[in-house]
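Observations on the model geometry
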Amino acid sequence: MARVARRTGVVDRPVDDRRMHARVTPLLGGLAIYLGVMIPTLVLVKKDPATKAILVGGTIVAVVGVIDDFFEIKPLLKFAGQIAAIAALLAYGLRIDHLSVPLTGITVTLHPAIAIPLTVLWVATIINMVNFIDGLDGLAAGVCAISALTFAAIALSLDRGPTGVAAAILAGAAFAFLRFNFYPASIFMGDAGSMLLGYVLAVISIQGVLKGAATVALIFPLLVLGVPFADLFLVVFRRLRKGVPIYSPGRDHVHHDLVLVAGFSQRTSVLLLYGWCLVLNGLALAMRFRATAAIVVLGLASLAATASMARLLLRYRSGDEHTGGEDHTGGGQGPAGGGADRADGRIGRAGGGEQNAGAVFDRSPGSSALDRRRVRRTRPPGNTVGR
């Protein structure tokens, strides 16, 4: 895929002072993820409504993502593609039609007038929040791989075999992609990959987890996807607090704070977020299997990890801007867009990783989300671009 991306000119160049990566990097890694998910799903998974929704809707979002990687389509068009994929999901009968109130045993049946909008909101949110976290090499792929593996275990334990197998396939595809995407990445997943990962996780969370009768069914996806949800909450809170649109540019994601404020390297920042994700996912599994000792230990560990992250993330950067430019953080940090970030004497590339097209609602400089001006095909097909 990297060779195809170079030959077709679908590459990400560090052409301005907002770029965080230092070299031309091919996109289209999302196509590899797409093939790694769709082929095994076609061959191995029973074709129930959830599987059909993954195949059809996943293809829609992947196609829209590839088009965006080539031509950088407008956000509204991209969102329309997401809605088309969600419509396919609804057409196959998948929706959040009931909710179990945590720890009470009470199940609330939802009227279609509530269930359908709630399902659209849930799926669109997960698709876009995966893009939100896609700002460092290997971050989105690793978090989604861990989450998919947990969803697989929960779904299989609830006798939802096809959904569990589909989740395991998604985890395998994401883990395989990490071989080429972990720092320093040799290929980026682009919108095709990030939107596909988010969409399939959303389908799995609905069919394999939320439809379960467990009294903590609602808690499971919130824990499993806790890191992306935390990033989403942080970004929305900060931008509303500043009175700017949530789709405006800004270096205010969790991964930006770890690199630009706390001064961690890109690799260390990703590993810290992996660790936080693992603890939360471990707690979800302990709750599912009612392992009391594990719930206590992992619950305390989750609280400690979340508190530590909150302490770092609540340290607002002075001069934090949503319009790019220079980022002045403690310790005399230099401009965050010149390919290297100097924080507390250390050098790290913030967001030099996953420079994908990003979320519909996020255009963050320094993150993957819609920050770059993509390189378009301006040369004949025979030429190689970015070599």
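Further up the page is the structure itself.
Residues numbered from 1 in each chain as written. Predicted model: local features only at pLDDT ≥ 70, side-chain atom pairs only at ≥ 80, totals over all residues. Heavy atoms only, no water.

1. Focus: the packing of aromatic side chains
- Scanning the entire structure with this criterion turns up 4 aromatic pairs.
- On the numbers, 5.9 Å between centres and 35° between planes, the contact of Phe70 with Phe71 is tilted.
- The class for Phe70 is partly exposed, based on a relative accessible area of 21%.
- Exposure remark for Phe71: the relative accessible area of 52% places this residue in the exposed category. (Phe/Tyr/Trp six-rings, centres within 6.5 Å; stacked < 30°, edge-to-face > 60°. Buried < 20%, exposed > 50% of the residue type's maximum accessible area, 1.4 Å probe, protein only.)

2. Here's the deal with helix H11 (residues 254–261)
- Of all 8 residues that make up H11, 8 are buried, and the element is covered over most of its length.
- Listing the buried residues of H11 in full gives Val254, His255, His256, Asp257, Leu258, Val259, Leu260 and Val261. (Helix = DSSP H or I, 4+ residues; strand = E, 2+ residues; numbered from the N terminus.)

3. Describing the environment of Ile116
- Residue placement: Ile116 occurs in helix H5 (residues 112–132).
- Owing to a relative accessible area of 30%, Ile116 belongs among the partly exposed residues under this scheme.
- Along the primary structure Ile116 and Leu94 are separated by 22 residues, whereas in three dimensions their C-alpha atoms are 9.2 Å apart.
- Excluding anything up to four places from it in sequence, Ile116 contacts Leu90 and Arg95. (Contact = heavy atoms within 4.5 Å.)

4. Quick notes on the pattern of salt bridges
- Enumeration over the complete set of coordinates arrives at 3 salt bridges.
- Notably, a salt bridge pairs Lys78 with Asp68, separated by 3.5 Å at the nearest N-O pair. Remark: Asp68 occurs in helix H3 (residues 49–71) and Lys78 occurs in helix H4 (residues 75–91); sequence separation between them is 10 residues. Of the two residues, Lys78 and Asp68, both sit in the buried class.
- The shortest N-O distance in the salt bridge between Lys78 and Asp191 comes to 2.9 Å. Of this pair, Lys78 sits in helix H4 while Asp191 sits in helix H8 (residues 190–210), and the two are 113 residues apart along the sequence.
- The exposure class assigned to Asp191 is buried, which follows from its relative accessible area of 0%.
- It is possible to trace a salt-bridge network through shared partners that takes in Asp68, Lys78 and Asp191. (Salt bridge = Lys/Arg side-chain N within 4 Å of Asp/Glu carboxyl O.)

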